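Below are the chains, spelled out letter by letter.
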Amino acid sequence: LLGERAFTSSSANLCSSNLTGGVGTTFYMAPEQERSKFMRSKHGEGSYDSKADIYSLGILLFEMMLLRPIPTYMERADILTALRGEPRMGDMAKGIVPSDEAKATEALFSEEGEIIGDWKHAAEQRFPESFRTSVSLNAQKIILWCLERSPKSRPSAKQLLTCDLLPRKVELEEKYLNEVLQTLSNPQSELQSYQQILSKLFDFPTPASVLTTYDSEVSINANKIDARLLGKSLNTVKGSHWTAHSMSCFSPMSSTAVVAAISALGRAQHVGTVSGGGKEGEALRGAPQQIATILAMTAASAAAIEGASGGILGADPRVVENLCCKLSDIFQSHGAVRLQGPLLRPRDSNDFLFASLNKPVEVLSRRGITLNLREDLTINFARAVSRGGSSTSNMKRYDINKVFIESDAGLHPKEMLEASFDIIQDENTAKSEFLEAESILVLCRVMSLLAPKEEKICEFPPIVLKSPIWYLRLTHTRLSDAILDLVFCPTSEPIRQSC
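All of these numbers come straight from a predicted model, not from anything done at the bench.

How each quantity is defined
All residue numbers here refer to positions counted from 1 along the written sequence of the relevant chain. Only residues with pLDDT of at least 70 get local features here, since the model is predicted, and only at 80 or more are side-chain atom pairs given and counted; chain-wide, interface and lining totals rely on the full set of residues. In computing side-chain values, all of the structure's heavy atoms are included and hydrogens and water are not. Defined by distance alone, a disulfide is two cysteine sulfur atoms within 2.5 Å. A 1.4 Å probe that fits into a set of points on a 1 Å grid over the protein atoms alone but cannot get out defines a cavity; an open set with protein on both sides within 12 Å along at least five of seven lines defines a pocket, and lining residues are those with an atom within 4 Å of a point. Grid points are joined across faces, edges and corners, and a volume is the space filled by probe spheres set on the points. Secondary structure elements are defined from DSSP: runs of H or I of at least 4 residues count as helices, runs of E of at least 2 residues count as strands, and each element is numbered from the N terminus. Note that Gly is not counted as nonpolar here; it falls among the polar residues with everything else outside the nonpolar set of Ala, Val, Leu, Ile, Met, Phe, Trp, Tyr, Cys and Pro and the charged set of Asp, Glu, Lys and Arg. Aromatic pairing here means that ring centres of Phe, Tyr or Trp (its six-membered ring) are within 6.5 Å. Orientation follows from the plane angle: under 30 degrees is stacked, over 60 is edge-to-face, and everything else is tilted. Burial classification: accessible surface area is computed with a 1.4 Å probe over protein chains only, and a residue below 20% of its type maximum counts as buried, one above 50% as exposed, and the rest as partly exposed. Following DSSP output, two strands are said to pair if at least two bridges run between them. Here an axis means a line fitted to C-alpha atoms, over the contact stretch when the element is a helix, while the angle between two N-to-C directions is reported on a 0 to 180 degree scale. Should a side-chain nitrogen of Lys or Arg be within 4 Å of a carboxyl oxygen of Asp or Glu, the pair is scored as a salt bridge.

Draft legend 1. Expanded view of the state of the cysteines. One pass over the structure, following the stated rule, counts zero disulfides. The structure places no disulfide on Cys 325, whose sulfur is separated from the nearest cysteine sulfur, that of Cys 324, by 7.0 Å.

Below is the structure:
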């Protein structure tokens, strides 16, 4: 057509098909498939097998890794022709057509998949420069292996999947994981991708193991305690005159409830001496033991439902409620009103700088915002006060509520009961000495209420509890410094910095 030397039948069919259609399957045909079109015979000459699909796979892998659209059919034909090891169309138009011997490229791989030829030279001849610089060497080797002209030199599907050129599953998972982590940690990442990842996280079904064990960390620790202690505690409490009780060491009960019952019975071990003698003592015989058992059963029920409050098992909810009422009376007598701070707050980078001994529980919203559950009753309240302006500049406030600490085992958060009393004063006319004196008075009243009459040590191996089972946190700088000065604590001590 151009007055030059004629194309071979195979090349002519290849080019004309692409130029007219541009989207046909000619470029994906293996050489033996082309021969089968023109060289069919009774002896099966030109036939092909599954290795022809491997050749097509090599073309597909190249197009997938090219990562850019080819703007024209002519350029696509030129690139794919070179990839196949055929003469380029521009060279053919100039009459530069190699002989059949030169056209048949040298084998690069053996039948066992070992490299026996100069694959780098073949890559330079068949791949664009941009492809060679952006695609891994192993990927280039795989493509060249699939595009071997001889079917015997091409890999089978099994060879391809088990060869060392493919990345291991672990390597792929690590790569994808790193990409996901980069998307989640990069504030500039695409919002849609970020939201899609979070949506999948929230849609992920909760494993049955988590549903079963999530709120059982206390039970896991309690399982270490010998359940026979319950029977011993019952025998200690019931005395010689009490032969029936509603609890039994053989009754099915969670390990958490068992420990709570043992703790409550331990506090009532001398209850048999309460009834005394005479007619009144005879009438009351067995009643104190029965009441002690009821209280122990209440403590067991509370532990089974609420878990451990501050790691303490066996706390009687009636006693706790009565104690909270007395604390409220103290705070209210000083003019404080109960105001609860927010349950959640956004996690701040400063949280890591001023982290307390207790690590807060972190939760993630569907919008991707990391939030902290309150780990004490002060931080979230102080945040609310800072936004209140003059409306929160003069007040006395208290709160008695639960705070949440991250579990060491990553299960249900630890819950602790905390009481807080705060005085906020922003008037210059108010004398700070009076406010500090009132704070000291409140502290003295609270400590006298909570102080035990005598020190007790409760041992339930491996758990050992020593009273008082509470601690006091003072967040007043001047008062803290004054107390440390009184005990001759040097200014260089780290405790000064934490206060």
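Draft legend 2. Quick peek at empty space enclosed by the protein. Across all of its chains, the model carries one cavity of 30 Å³ or more by this definition. Taken as a whole, the largest cavity encloses approximately 30 Å³ of empty space. As for the largest cavity, its lining consists of Gly 341, Pro 342, Arg 374, Leu 377, Asn 380, Phe 381, Arg 397 and Asp 399. Those elements giving two or more residues to the lining of the largest cavity turn out to be helix 20 (379–388) and strand 5 (394–405). Partitioned by chemical class, the residues of the lining of the largest cavity number three nonpolar, two polar and three charged.

Draft legend 3. How the structure looks around the packing of aromatic side chains. Taken as a whole and assessed by the stated rule, the structure comprises six aromatic pairs. Geometrically, the ring pair formed by Phe 331 and Phe 421 is stacked, given 5.4 Å between the ring centres and 20° between the ring planes. Separated by 90 residues along the polypeptide, Phe 331 in helix 19 (residues 317–333) and Phe 421 in strand 6 (residues 414–425) bring together distant segments of the chain. According to the relative accessible area criterion, Phe 331 is buried, its value standing at 4%. Three or more aromatic residues joined by ring pairs form one cluster here, namely Phe 62, Phe 127 and Phe 131.

Draft legend 4. Examining the environment of Lys 232 more closely. Its location among the elements puts Lys 232 in helix 15 (residues 228–238). Take Lys 232: its relative accessible area is 55%, and that puts it in the exposed class. Through-space distance from the C-alpha of Lys 232 to that of Gly 266 is 10.0 Å; in sequence the pair is 34 residues apart.

Draft legend 5. Structural detail: the sheet that holds strand 2 (residues 344–346). Across the sheet, which stays open at both edges, the three strands sit in the order 2-4-3 with antiparallel pairing between neighbours. Looking at the sheet topology across the chains shown, the edges are occupied by strand 2 and strand 3 (362–364). When the angles between neighbouring strand axes are averaged without regard to direction, this sheet yields 40°. Pairing geometry for strand 3 and strand 4 (residues 370–373), over three bridges, is antiparallel. Considered in strand 4, the bridge of Glu 362 is made with Asn 372.

Draft legend 6. A look at the sheet that holds strand 1 (residues 337–338). Spatial strand order, 1-5-6: three strands in an open sheet with mixed pairing. Looking at which strands have only one partner, the edges of the open sheet turn out to be strand 1 and strand 6. Sheet topology note: the strand 1/strand 5 ladder contains two bridges and is parallel. Its bridge partner being in strand 5, Val 337 is matched across the sheet by Arg 397.

Draft legend 7. Examining the pattern of salt bridges more closely. Enumeration according to the criterion identifies 13 salt bridges in this entry. Residues Glu 75 and Arg 68 are paired through a salt bridge, measuring 3.8 Å at the closest nitrogen-oxygen approach. Classification of Arg 68 as partly exposed rests on a relative accessible area of 33%. Between Lys 396 and Glu 438 there is a salt bridge; the shortest N-O distance is 2.7 Å. One end of the pair, Lys 396, is in strand 5; the other, Glu 438, is in helix 21 (residues 432–450), with 42 residues separating them in the sequence. Exposure remark for Glu 438: the relative accessible area of 15% places this residue in the buried category.

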